[in-house]
Amino acid sequence: MSELQNIDKQYVANTYKRFPIEIVSGKGSIVYDDAGKRYIDMGSGIAVTSFGIADDAWVAAVTEQLSKVQHMSNLYYTEPCARLAKLLCEKTGMKKVFFGNSGAEANECAIKVARKYAADKKGADYSTIITLENSFHGRTITTLAATGQAHYHELFQPLTPGFVHAKANDLPGLIALAEQNKVAAIMVEMVQGEGGVIALDRDFVLGLYDYAKKNDILVIVDEVQTGNGRSGALYAYMNYGIMPDIVSTAKGIGGGLPLGACLLGEKTESVLGFGDHGSTFGGNPVCCAGAISIISRIDDALLAEVREKSAYIFGALEGAEGVESVSGMGLMIGIKTVKPASEVLAYCTEHGVLCLTAKDKVRLLPALNIPMDVLEEAVAVIKEACKA
Ligand SMILES: *Cc1c(COP(=O)(O)O)cnc(C)c1O
């Protein structure tokens, strides 16, 4: 272990099991470690670096803003924040945006808005949020409660009350749960990311949407991982033809700087008033300038490319030796392998390809603009890694 790795081990809290690799530089989908070894980055910092490492246009946008104003409090107007909110609303049909710094914060905002909406309309006892089993919504005490995986809950009781979990793709089950509770909102990921890269069934999504509309229950879509072009649409809910009441997003929106956004629709745009919510860093001008550079480039041509690359990966890996199944949407892909995922990752790392896992699967989240020849090179290594 290098000296730096020892320092990190001694002084950084032990929450991450790191690979013994120190990344020091990169460009696009290629990164280099401290010994100069080249890797293809198939994880994008967990769906964060949407256009890869040190993308020229993003760097220019960020550094230009950095040399103007790096931060002002939310008591004043700054240009990138307003322009990004307008861009997001124009591209989605949502009405207003609250900016925070992370996915968990975007979800906290969504939950606060849903509870206030329901309290105003139906009464304060209508506070329950239904989420799905196997979901992931964040690490704060409230978003952990929203996360439908008991093993995350155990050590941190008591969590925020008012969350119940329905089985994914079981509409009668979800409706029965809704009938037993006083429900403010249903919150779902269109593709469960941390849960194993599993897309929700179309009929389930349309059914829950229809039920929620009829009962004035808000639909919150957690697009922290699926959003910002990752699914092959700007937001994954667009692949299902629904219009959520609240959309939370983070990860890829900032292209590598911390930014979260909670998009509010027609029903919810006016729920929050002065002082109801806030964030010191939320809407930071440098982060927003980077996000404008990202979001403005996620156009139809780029999304078509994302879908083509997705089809290529599915085509190359489905039925390949050692591959049991391939799941996901767009450039968010899970591979169930015969070998343990950790062994596949070890081979890939050794051969210069950085992949992720999700549950027992190998997970791929490459940059949206990964060049085709680089993608082919990575997939060839992954294919080899999956063989017995
Ligand atoms: C990563 C993730 C979160 C949490 O985001 P943070 O930025 O780590 O707080 C929430 N929801 C989903 C679906 C995620 O993938």
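Just so it is clear, the structure is predicted and the values come from calculations on it, not from any experiment. (Residues numbered from 1 in each chain as written. Predicted model: local features only at pLDDT ≥ 70, side-chain atom pairs only at ≥ 80, totals over all residues. Heavy atoms only, no water.)

A. Fine view of the pattern of salt bridges. A full pass over the atoms with the stated rule returns 22 salt bridges. The residue Glu133 makes a salt bridge to Lys167 at a minimum N-O spacing of 3.4 Å. In this pair, Glu133 is assigned in the loop between β5 (128–132) and α6 (141–146) and Lys167 in the loop between β6 (163–166) and α8 (171–180), connecting sequence segments 34 residues apart. Through salt bridges with shared partners, a single network forms among Lys116, Asp120 and Asp276. (Salt bridge = Lys/Arg side-chain N within 4 Å of Asp/Glu carboxyl O. Helix = DSSP H or I, 4+ residues; strand = E, 2+ residues; numbered from the N terminus.)

B. Expanded view of the nonpolar core. Counting 93 residues, the largest nonpolar core has Met42, Leu88, Met190, Leu364 and Ile382 as its most contacted members. Among the elements that make up this core, the one with the highest residue count is helix α13 (residues 372–386) (eight residues). Lining this core are residues from two domains, each supplying at least three of them: domain 1 (8–41 + 300–386) and domain 2 (58–297). Setting aside residues no more than four positions away along its own chain, Met42 makes contact with Val353, Leu354, Cys355, Arg363, Leu364, Leu365, Pro366, Ile370, Leu375, Ala378 and Ile382. Formed by 25 residues, the second largest nonpolar core is a distinct cluster that contains Phe98, Ala145, Phe163 and Met187. (Core = buried A, V, L, I, M, F, W, Y, C linked by side-chain atoms within 4.5 Å. Buried < 20%, exposed > 50% of the residue type's maximum accessible area, 1.4 Å probe, protein only. Domains from an automatic or database assignment. Contact = heavy atoms within 4.5 Å.)

C. A look at the domain arrangement of the chain. The domain architecture assigned to the chain consists of domain 1 (8–41 + 300–386) and domain 2 (58–297). Taking the mean C-alpha position of each, domain 1 and domain 2 sit 26 Å from one another. At the interface, 20 residues of domain 1 touch 22 residues of domain 2. Our enumeration of links across domain 1 and domain 2 arrives at one salt bridge. Here Arg363 makes a salt bridge to Glu194, at a shortest N to O gap of 3.1 Å. Linking domain 1 to domain 2 there are nine residue pairs in polar contact (both at pLDDT 80 or more). Mapped by element, the contributors of at least two residues to the side of domain 1 that touches domain 2 are α11 (300–317), β13 (323–329), β14 (332–337) and β17 (361–364). Element by element, the count of residues in the side of domain 1 that touches domain 2 is highest for α11, at four residues. Tallied by class, residues from the side of domain 1 that touches domain 2 come to 12 nonpolar, four polar and four charged. (Polar contact = N/O pair within 3.5 Å; in protein donor to acceptor, adjacent residues only side chain to side chain. Nonpolar A, V, L, I, M, F, W, Y, C, P; charged D, E, K, R; others polar.)

D. Layout of the packing of helix α4 (residues 79–92) against helix α10 (residues 285–295). The interhelical angle for the contact between α4 and α10, taken along N-to-C directions, is 35°, at an axis separation of 8 Å. For the crossing formed where α4 meets α10, the hand is left-handed. Across the interface between the two elements, Pro80, Cys81, Arg83, Leu84, Leu87, Leu88 and Lys91 of α4 pack against Pro285, Cys288, Ala289, Ala291, Ile292 and Ile295 of α10. In terms of residue class, the contact of α4 with α10 is made up of 11 nonpolar, no polar and two charged. (Axes fitted to C-alpha atoms, helices over the stretch in contact; angles between N-to-C directions. Left-handed = near helix turned anticlockwise from the far one by under 90°.)

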